[in-house]
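# What the coordinates show
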Amino acid sequence: WKFRLQFLSEARFFAVVDKKLFRGGLLDRFGKYIDKIGDLKFSDHTPWSKAPFNIVTSKKAYDNPSDYFGTDIAKIIKEAHSLQASLYWVRTDSERKERKTLETRLLSNVVLLNWLASAIIYFLLCILGLFTAGWVWPKNLRKQVLAVGIRNDESFAQRESKCKCSD
């Protein structure tokens, strides 16, 4: 009986630890926060005057596309976020609202500081991920690292056909 009681008490302890830390606990919430971190881009080549991007008309719609558009369009707009695009929308919104130059500069500096803070956090997570076997890497970075060495057969076949043509 002693062994059974000891086993049950140990099992209960591990069940409590599992519930507190992993399932809905601290580590689970931390992991979900990390996975929400998207790719960090400095610049992009998004044509904001062409479809589907031309439906964005304000910085608010750019910042929170899911509040203004359907999920598919919102996802496309969210993927186009970058420092360059954010600064573009600050300038465009400032011109539309006829803001003063000082106010526009202040908003641009806020965007720049937010991007720098995100870059520092992303960098620290990357460094920390080296010591935790990638556990704290953002989801997209984990996908990219795990995809290294996996070749896409179609693109490989296209490169091979180009090489044969040039010979």
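The following paragraphs examine the structure supplied in this document. (Residues numbered from 1 in each chain as written. Predicted model: local features only at pLDDT ≥ 70, side-chain atom pairs only at ≥ 80, totals over all residues. Heavy atoms only, no water.)

Within this structure, the stated rule accounts for seven aromatic pairs. Consider the rings of F42 and W115, whose centres lie 5.8 Å apart with planes at 65°: the pair is edge-to-face. Here F42, found in the loop between helix 2 (26-36) and helix 3 (59-63), pairs with W115, found in helix 7 (residues 101-131); they are 73 residues apart in sequence, far enough to count as distant. By relative accessible area, F42 is classed as exposed at 55%. Taking the centre distance of 5.3 Å and the plane angle of 70° together, the rings of W48 and F53 count as edge-to-face. Look at F53 and you get buried, because its relative accessible area is 12%. These aromatic residues form a ring-pair network of at least three members: W48, F53, Y62, Y88 and W89. (Phe/Tyr/Trp six-rings, centres within 6.5 Å; stacked < 30°, edge-to-face > 60°. Helix = DSSP H or I, 4+ residues; strand = E, 2+ residues; numbered from the N terminus. Buried < 20%, exposed > 50% of the residue type's maximum accessible area, 1.4 Å probe, protein only.)

A cluster of nonpolar residues, I120, F123, L124, I127, L130 and F131, forms a patch on the protein surface that exposes about 670 Å² of accessible area. Inspection of the secondary structure assignment puts L130 in helix 7. (Patch = residues over 30% accessible without salt bridge, like charges linked within 9 Å, V, L, I, M, F, W, Y side chains within 5 Å. Areas by Shrake-Rupley, 256 points an atom, 1.4 Å probe, with all protein chains shown as cover. Salt bridge = Lys/Arg side-chain N within 4 Å of Asp/Glu carboxyl O.)

Tallied over the entire structure, the rule returns five salt bridges. Note that R96 and D93 form a salt bridge whose closest N and O atoms lie 2.6 Å from each other. Here the residue R96 and the residue D93 both occupy positions in helix 6 (residues 83-96), the gap between them amounting to three residues, near one helical turn. Here K97 makes a salt bridge to D93, at a shortest N to O gap of 3.6 Å. Salt bridges sharing partners connect three or more residues here, namely D93, R96 and K97.

Attention now moves to the environment of L125. For L125, the position within the fold is in helix 7. Since its relative accessible area comes to 9%, L125 is described here as buried. Considering only alpha carbons, one finds L125 and W137, twelve residues apart in sequence, at a separation of 5.7 Å.

Glancing now at the nonpolar core. Of all hydrophobic cores here, the largest spans ten residues; its members are W48, F53, V56, A61, Y62, F69, I77, A80, A85 and W89. Contributions of two or more residues to this core are made by helix 3 and helix 6. Look past the residues within four positions of A85 in its chain and what remains in contact with it is D44, W48, Y62 and A80. Counting eight residues, the second-largest nonpolar core is a separate cluster that includes I37, L125, W137 and L141. (Core = buried A, V, L, I, M, F, W, Y, C linked by side-chain atoms within 4.5 Å. Contact = heavy atoms within 4.5 Å.)

This part is about the side chain of S94. Structurally, the position occupied by S94 is in helix 6. Of the residues examined, S94 reaches a relative accessible area of 5% and is grouped as buried. At 2.8 Å, the side chain of S94 forms a polar contact with the backbone oxygen of V90. When sequence neighbours within four positions are dropped, the list of residues in contact with S94 reads R99, T104 and L107. (Polar contact = N/O pair within 3.5 Å; in protein donor to acceptor, adjacent residues only side chain to side chain.)

The analysis is restricted to geometry; functional conclusions fall outside its scope.
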